Amino acid sequence: MQITIERIPDNELKPLYQDPSQLGFGKIFTDYMFTMYYQKGKGWVEPKIGKYRPINIDPAAVVLHYSQEIFEGLKAYAAEDGRILLFRPEENAKRMYESAERLCMAPFPIDYFLESVTALVNLEKRWIPRAPGTALYIRPSLIGTGDALGVHPASEYLFFIILTPVGAYFKEGFKPISLYVEDYYIRAAVGGVGNAKTGGNYAASLLAAAKAQEKGFSQVLWLDAREKRFIEEVGAMNIFFVFGKKLVTPDLSGSILPGITRKSVIELARSLGYTVEERPISIEEVFDGIKDGSLTESFGSGTAAVISPVGSLNFKGENHLINDFKVGPVTEELYTRLVNLQYGKTEDPFGWVKEIGRL
Ligand SMILES: *Cc1c(COP(=O)(O)O)cnc(C)c1O
C-alpha cells in the first residue's frame, strides 16, 4: 500500500497539550488522520494521511440511516527506552474484519489495518504522552457511505483512523467501581450484533447507562436478554469473577464483545497457574459466592482501563459489596503484569507487544 501524505505546514500544527496528567479521554485530537475508500469494482483505493478534518458524506449515506458502522480501539504506548509499542494490534485488525462481515460491510484488509496504524502513529509520535498510565488512543472506524436510501448494504465505504492522547484512567490510584445490574433493559441478544464492535450497541445502551449514573453508579452490568439471569459484560468492558485461584468469565455466547484484554487476561492468568473457566455465570451464583465468601474479587477488562476493580453490585435495590470495596491481590497482580507488558517494562513471553517505531 502506497500511502499519500499531505503534509501540514509546521506553523499550522496544533499546539501540544501542556500537562499530560490533565488529559481526559478523547477530548483532543492530533493533526492528522488516515482515510481510505472502498468503491465497488475497484476495491480499496486512495490510502491517504492528511489533515484531521470533517468528513464529507452524502446525506443519504447508509451509515446515517441504517447504522452500518464499526470501530476499533487500541493504544500506542511509549516505552521508557523510546520504543513505540502496540499491544496485539493484529487482534484488533481481525476483530474489525469480523465485525465488518457481520454488518455486511466491505471488510478492511488486515495488513492494511496494521500498515495504516503504524504509518499514522509514527507520523504523529510527538503526540504520544509519556507520563505513567498515559497513551495515544487509536480509533479506526469503518462506515457505509454511498447515496441511495433503500435498505441495503452500502456500495461504498470509508475507513478512517483518528488519534487522541489519553490520560491515566485511574488518576487517584486504582479504585473500585460500583455497578448497577440492569434488570429491564438489555444490551444485546444472541443472534444479534452484540459480538460486533458496532456503534448501535452503544446507542442501545445509553439510556440504561444514564439512569444508572443518575442513581450514582459508574456503569451498567448487563444480563442476558432471554432470562435476565446470566451475566454478560459491563459498558465497554468484559467481566471476571475471582474465586480464590479460579477465575470465571462469561463465555463468548454471541452477545458479548470478544475483548482482547479479556483474551489476554485469560492467557496470562493460566500462565500464572490460575484456573480460568469461560462459562455462563448467573447473578445468583455471584451473590451466593459473595455471601459464603468464595467469591473474593471481581474486575472488568478493556483497553481503556485495562483492568478495573469492581467494588459493588446493585441489584433490585440491594447493594452487594465485593471484597469490602477494596482492590484485591489477584486484580492488582493481573493489572500490574498487563500494564508492565504494554509499556515494555517486562519481558514478553507471549509475543503480544509489537514495536512499530521509536520516539
Ligand atoms: C471494546 C469493548 C470491550 C473491550 O474490548 P478490548 O478489546 O478488551 O478493548 C468490551 N465490551 C464492549 C462492548 C466493547 O465495545
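Small disclaimer: the values here were computed from a predicted structure and weren't measured.

**So, the overall build of the protein**
So, step 1. A count of helices and strands for the protein gives 7 helices and 18 strands.
So, step 2. Against the globule reference of 21 Å for 359 residues, the protein gives a C-alpha radius of gyration of 21 Å, in line with a compact fold.
So, step 3. Reported as C-alpha extents along the three principal axes, the dimensions of the protein are approximately 60 × 55 × 35 Å.
So, step 4. With 359 residues in all, the protein has 50% of them scored as buried.
So, step 5. In the protein, once contacts between residues fewer than 6 apart in sequence are set aside, the share between residues at least 24 apart is 72%.

**Examining the site of the ligand**
So, step 1. The ligand sits among 15 residues. The nearest are K197, Y202, E233, T261 and T303.
So, step 2. Summarising the interface, the protein chains cover 97% of the accessible area of the ligand, which totals 380 Å² for the free molecule.
So, step 3. Grouping the constituent residues of the shell around the ligand by class yields 5 nonpolar, 6 polar and 4 charged.

**Thoughts on the side chain of E124**
So, step 1. When you line up the elements, E124 lands in the loop between α3 (110-123) and β7 (135-144).
So, step 2. At 5.2 Å, R126 is the nearest oppositely charged side chain to E124, a buried residue that forms no salt bridge.

**Here we look at the packing of helix α2 (residues 89-102) against α3**
So, step 1. For the pair α2 and α3, interaxial distance at closest approach is 9 Å and the crossing angle is 130°. Between α2 and α3, the interaxial angle falls into the category oblique. Where α2 crosses over α3, the handedness of that crossing is right-handed. In this structure, α2 contributes P89, E90, N92, A93, K94, M96 and Y97 to the contact, and α3 contributes I110, F113 and L114.
So, step 2. Tallied by class, residues from the contact of α2 with α3 come to 7 nonpolar, 1 polar and 2 charged.

**Focus on the nonpolar core**
So, step 1. In this structure, F34, F113, V121, I138, L142 and F159 are the most contacted members of the largest nonpolar core, which totals 40 residues.
So, step 2. Mapped onto this core, the elements with two or more residues apiece are β2 (32-39), β3 (43-51), β5 (74-78), β6 (83-87), α2, α3, β7 and β8 (156-166).
So, step 3. Residues contacting F113, with those up to four places away along its chain left out, are E72, L74, P89, N92, A93, M96, F108, P140 and F159.

**Describing the environment of G26**
So, step 1. Looking at where G26 falls in the secondary structure, it is placed in the loop between β1 (4-5) and β2.
So, step 2. Relative accessible area serves as the criterion here: at 28%, G26 is assigned to the partly exposed category.
So, step 3. Sequence separation between G26 and F287 is 261 residues; the distance between their C-alpha atoms is 36 Å.
So, step 4. If near-sequence neighbours (up to four positions away) are discounted, G26 is found in contact with T164 and V166.

**Quick notes on the domain arrangement of the protein**
So, step 1. Partitioning the protein into domains gives domain 1 (4-166) and domain 2 (177-342).
So, step 2. The C-alpha centroid of domain 2 is placed 28 Å from the C-alpha centroid of domain 1.
So, step 3. Listed per partner, the contact involves 19 residues of domain 1 and 19 residues of domain 2.
So, step 4. Both sides together, the interface formed by domain 1 and domain 2 hides about 1,700 Å², and carbon and sulfur atoms give 57% of it.
So, step 5. For domain 1, the biggest contributors to the area lost against domain 2 are F71, F87 and R95; these three give 34% of the whole.
So, step 6. Where E267 meets R88, a salt bridge forms, and the shortest distance between an N and an O atom there is 3.3 Å.
So, step 7. Applying the counting criterion to the domain 1 and domain 2 interface returns 13 residue pairs in polar contact (both at pLDDT 80 or more).
So, step 8. Mapped onto the side of domain 1 that touches domain 2, the elements with two or more residues apiece are β4 (69-71), β5, β6 and α2.

**Structural notes on the pattern of salt bridges**
So, step 1. Overall, the coordinates contain 19 salt bridges when judged by the stated rule.
So, step 2. K316 serves as the salt-bridge partner of D183, at 2.9 Å between the closest nitrogen and oxygen. With D183 in the loop between β9 (177-181) and α4 (199-214) and K316 in the loop between β16 (306-315) and β17 (318-321), this residue pair connects regions lying 133 residues apart in the sequence.
So, step 3. Look at D183 and you get partly exposed, because its relative accessible area is 29%.
So, step 4. Note on K316: relative accessible area 60%, which makes it exposed.

**What to know about α2**
So, step 1. With 14 residues, α2 extends 20 Å between its outermost C-alpha atoms, agreeing within 8% with the 20 Å of an ideal straight helix rising 1.5 Å per residue.
So, step 2. Among the residues of α2, P89, E91, N92, A93, R95, M96, S99 and A100 are the ones counted as buried.
So, step 3. Looking one or two places after α2, you find C104, whose phi comes out positive at around 60°.

**Description of the packing of aromatic side chains**
So, step 1. Throughout the structure, instances matching the rule amount to 19 aromatic pairs.
So, step 2. With centroids separated by 6.0 Å and ring planes inclined at 70°, the aromatic side chains of F34 and F159 adopt a geometry described as edge-to-face. Of this pair, F34 sits in strand β2 while F159 sits in strand β8, and the two are 125 residues apart along the sequence.
So, step 3. Assessed through its relative accessible area of 0%, F159 is described here as buried.
So, step 4. When the ring centre of Y52 is taken as reference, the NZ or CZ atom of K14 above it lies at 4.8 Å.
So, step 5. We note K245 situated over the ring of Y274; from NZ or CZ to the ring centre the distance is 4.0 Å.

**Quick notes on the packing of helix α5 (residues 260-271) against helix α7 (residues 329-342)**
So, step 1. Between α5 and α7, the least distance of the axes is 11 Å, while the angle of their chain directions is 110°. Between α5 and α7, the crossing angle belongs to the class labelled roughly perpendicular. On α7, the residues touching T261, S264, V265, L268 and A269 of α5 are L334, R337 and L338.
So, step 2. Class assignment for the residues of the contact of α5 with α7 results in 5 nonpolar, 2 polar and 1 charged.

Analysis parameters
Residue numbers run consecutively from 1 along every chain, following the written order of its sequence. Residues qualify for local features only when their pLDDT is at least 70, as the model is predicted, and side-chain atom pairs are given and counted only at 80 or more; totals for whole chains, interfaces and linings, by contrast, use all residues. Water and hydrogen atoms were dropped before computing side-chain values, which therefore reflect all heavy atoms in the structure. Only DSSP runs of H or I reaching four residues or more are called helices, and only runs of E reaching two or more are called strands; each is numbered from the N terminus. With the radius of gyration taken over C-alpha atoms, the globule rule is written as 2.2 Å times the number of residues to the power 0.38. Categorising residues by exposure relies on relative accessible area from a 1.4 Å probe, with only protein chains included: less than 20% of the type maximum marks a residue as buried, more than 50% marks it as exposed, and the intermediate range marks it as partly exposed. Contact definition: two residues touch when any of their heavy atoms are within 4.5 Å. Residue proximity to a molecule or strand is established when one non-hydrogen atom of the residue lies within 4 Å of it. Using a 1.4 Å probe, the Shrake-Rupley method yields the accessible areas, and only the shown protein chains count as cover for residues. Nonpolar residues are Ala, Val, Leu, Ile, Met, Phe, Trp, Tyr, Cys and Pro. Charged residues are Asp, Glu, Lys and Arg, and all others, Gly as well, are polar. Residues scored as positive are Lys and Arg, those scored as negative are Asp and Glu, and His as well as the terminal groups of each chain are ignored. We count a salt bridge whenever a side-chain nitrogen from Lys or Arg sits within 4 Å of a carboxyl oxygen from Asp or Glu. Interaxial angle, 0 to 180 degrees, is taken between N-to-C directions of lines fitted to C-alpha atoms, where a helix line uses only the stretch in contact. Working definition: roughly parallel below 35 degrees, roughly antiparallel above 145 degrees, roughly perpendicular at 65 to 115 degrees, and oblique for all remaining angles. Each crossing gets its hand from how the near helix is turned against the far one by less than a right angle, where anticlockwise is left-handed and clockwise is right-handed. Here, nonpolar core refers to any group of buried Ala, Val, Leu, Ile, Met, Phe, Trp, Tyr and Cys residues whose side-chain atoms link them within 4.5 Å. Source of the domain bounds: an automatic or database domain assignment. Take the accessible area each of two parts loses on contact, using a 1.4 Å probe, and add the two losses: that sum is the buried area. Here a polar contact is taken to be a pair of N or O atoms separated by no more than 3.5 Å, where protein atoms must pair a possible hydrogen donor with a possible acceptor and residues adjacent in sequence count only if both atoms sit in side chains. In a helix, the anticipated span is given by 1.5 Å times the number of residues less one. Each Phe, Tyr or Trp ring, with Trp reduced to its six-membered ring, pairs with another whose centre is within 6.5 Å; inter-plane angles below 30 degrees give stacked pairs, above 60 give edge-to-face pairs, and intermediate values give tilted ones. Sitting over a ring, as applied to charges here, requires NZ of Lys or CZ of Arg to be within 6 Å of the ring centre and within 35 degrees of the ring normal.

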